[in-house]
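# Overview (structure and organization)
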Amino acid sequence: MRNRLIDQVREDGFAVIDDFLTPEEVSELLQVGQNLHKDAPKEERKVFSANAGGKSAQSKEQYFLESADKVRYFFEEGAIGENGELLVDPAFSLNKVGHALHSEHPAFEGITFSNRVKEVCWQLGFRRPAVAQSMYIFKNPGIGGEVKPHQDATYLYTEPSTTVGFWIPLEDATLQNGCLHFIKGSHKSGVHRRWVRNTDASSEELLIYDRPAPLYPQSNFVPVPVKAGSCVLIHSQVVHRSDANKSDRSRHAYTFHVIETEDCDYSKENWLQPTEDHPFPVLYERD
């Protein structure tokens with residue numbers, strides 16, 4: 001498994017591990033996720049846009065910027081009216097919940113710090129891996145928005161590039177409900193742009209892109225439908241996207257990102273920053 005995983009991530013920029021979670025674990029996390037909306041704020045609801053091509057509401061929000069050690073709730077654009085009122089059933093209103101589920105919620109912490117995750121990190125060559133952030137993504141039927149083509153390194157930049165995403169669908173991810181699409185080998189072309197903290201104190205934009213959005217031919221993408229309970233490993237520089245969910249079935253997923261902390265610099269320009277009281281939790285240290 002070690003050589004296959006390393007070779008596939010290095011060659012394609014991603015790899016799929018089947019049956020990463022047991023059916024019981026999938027069921028438990030899905031049930032937890034389906035109830036997360038009950039703890040969402042009833043006022044000042046924050047919308048999340050995954051449109052990587054333009055300006056987004058979260059680029060102006062301390063609520064988003066200060067979520068490294070908290071569980072915060074982000075609604076779909078089509079779920080909130082002009083006056084902040086909900087336009088849909090609360091159970092189908094959220095885009096995602098993040099970014100510290102791995103440390104602030106026992107069910108997600110148990111999976112994130114499991115021996116399976118540590119074993120994968122070990123196989124990938126991590127020496128002192130830490131979990132930078134985690135999210136529960138809903139992709140609800142009919143309202144789950146498109147995620148534009150992007151690289152994770154745009155948002156979680158390290159030198160050298162070490163970030164790996166663990167993307168775990170809790171429901172089958174299909175062509176109809178918005179499975180991931182990748183450009184194989186695109187991780188070999190460097191980081192195409194970055195989303196950084198704005199040094200202009202007079203600007204209302206707290207975060208800005210340093211370059212325009214690249215254009216990626218749609219024909220270059222390959223769909224990767226996967227079963228619930230599998231795990232997709234995502235190299236930080238591989239270009240990937242997902243379509244809007246136009247089906248009548250949701251596509252819930254739990255995802256988190258691991259970074260190397262030994263001989264590796266996590267950029268202080270990144271939107272997400274550890275705090276003095278809550279550094280990124282370490283999975284293990286090699287002797």
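Residues numbered from 1 in each chain as written. Predicted model: local features only at pLDDT ≥ 70, side-chain atom pairs only at ≥ 80, totals over all residues. Heavy atoms only, no water.

By the naming in an unreviewed UniProt entry, the chain is Phytanoyl-CoA dioxygenase domain-containing protein 1, taken from Anopheles darlingi. Checking UniProt for the chain, the heading Cofactor (unreviewed entry) contains the comment "Fe cation". Per its UniProt entry, the chain bears the Sequence similarities (unreviewed entry) comment "Belongs to the PhyH family. PHYHD1 subfamily." (UniProt positions renumbered as here; feature names shortened; annotations may be inferred.)

### Some remarks on the pattern of salt bridges
Using the criterion set out here, one finds ten salt bridges in the structure. Linking Lys-188 and Glu-11 is a salt bridge whose minimum nitrogen-to-oxygen distance equals 3.5 Å. With a gap of 177 residues between them, Lys-188 in the loop between β9 (180–182) and β10 (195–197) and Glu-11 in helix α1 (residues 2–12) connect regions that are remote in the sequence. Lys-188 sits in the exposed class, given a relative accessible area of 52%. The class for Glu-11 is partly exposed, based on a relative accessible area of 48%. (Salt bridge = Lys/Arg side-chain N within 4 Å of Asp/Glu carboxyl O. Helix = DSSP H or I, 4+ residues; strand = E, 2+ residues; numbered from the N terminus. Buried < 20%, exposed > 50% of the residue type's maximum accessible area, 1.4 Å probe, protein only.)

### Looking at helix α6 (residues 115–123)
All buried positions along α6 are accounted for by Val-117, Val-120, Cys-121 and Gln-123. Seen from one end, α6 has its buried residues packed into an arc of 160°, which puts them on one side. Two residues or fewer past α6, Gly-125 is found with a positive phi of approximately 95°. (Arc of directions from axis to C-beta.)

### Details of the sheet that holds β9
Taken in spatial order, the four strands of this open sheet run β6-β14-β9-β12, and their pairing is antiparallel. With partners counted over all chains shown, the strands left at the sheet margins are β6 (147–150) and β12 (222–224), one partner each. Pairwise comparison of adjacent strand axes, ignoring direction, gives a mean angle of 25° for this sheet. Where β9 meets strand β14 (residues 240–242), three bridges bridge the pair, whose relative direction is antiparallel. Among the inter-strand pairings, Leu-180 is bridged to a residue of β14, identified as Ser-242. (Pairing = 2+ DSSP bridges. Axes fitted to C-alpha atoms, helices over the stretch in contact; angles between N-to-C directions.)

### Quick look at the packing of aromatic side chains
Under the definition given, this model contains eleven aromatic pairs. Ring centres of Phe-14 and Phe-182 lie 4.2 Å apart, and the angle between their planes is 15°; this geometry places the pair in the stacked category. Of this pair, Phe-14 sits in strand β1 (residues 14–17) while Phe-182 sits in strand β9, and the two are 168 residues apart along the sequence. For the pair formed by Phe-14 and Phe-182, the shared burial category is buried. When the centroid spacing of 5.5 Å and the interplanar angle of 75° are considered together, the rings of Tyr-155 and Trp-195 count as edge-to-face. One end of the pair, Tyr-155, is in the loop between β6 and β7 (158–159); the other, Trp-195, is in strand β10, and 40 residues separate them in sequence. Note on accessibility: Tyr-155 and Trp-195 belong to one class, buried. An aromatic cluster is present here, built from Phe-108, Tyr-136, Phe-138, Phe-166, Tyr-254 and Phe-256 joined pairwise through their rings. Directly above the ring of Tyr-209 sits Arg-193, whose terminal nitrogen or CZ lies 3.6 Å from the centroid. Of note, Arg-241 hangs over the ring of Phe-221, and the distance from its end group to the ring centre comes to 4.8 Å. (Phe/Tyr/Trp six-rings, centres within 6.5 Å; stacked < 30°, edge-to-face > 60°. Lys NZ or Arg CZ within 6 Å of the ring centre and 35° of its normal.)

### Side note on the side chain of Ser-236
Topologically, Ser-236 is positioned in the loop between β13 (231–235) and β14. Residue classification places Ser-236 among the buried positions, given a relative accessible area of 1%. In this view, Ser-236 contacts Gln-151, Asp-152, Ala-153, Ser-161 and Thr-163; residues no more than four positions away in its chain are not counted. (Contact = heavy atoms within 4.5 Å.)

### Here we look at the nonpolar core
In a soluble, globular protein the nonpolar side chains are often hidden away together inside. Ranked by internal contacts, the top residues of the largest apolar core, which has 43 residues, are Tyr-136, Phe-166, Leu-170 and Leu-233. Beyond its immediate chain neighbours, meaning those up to four positions away, Phe-166 contacts Val-117, Val-120, Cys-121, Cys-231, Val-232, Leu-233, Tyr-254, Thr-255, Phe-256 and Val-258. Counting 15 residues, the second-largest nonpolar core is a separate cluster that includes Phe-64, Leu-65, Leu-207 and Tyr-266. (Core = buried A, V, L, I, M, F, W, Y, C linked by side-chain atoms within 4.5 Å.)

### Topic: the sheet that holds strand β15 (residues 253–260)
Spatially, the eight strands line up as an open sheet ordered β1-β13-β8-β15-β5-β4-β3-β2, and their pairing is mixed. Each end of this open sheet is capped by a strand with a single partner; those strands are β1 and β2 (46–47). Those strands touched by α6 are β1, β5 (129–137), β8 (164–169), β13 and β15, and its axis lies near 140° from that of β8.

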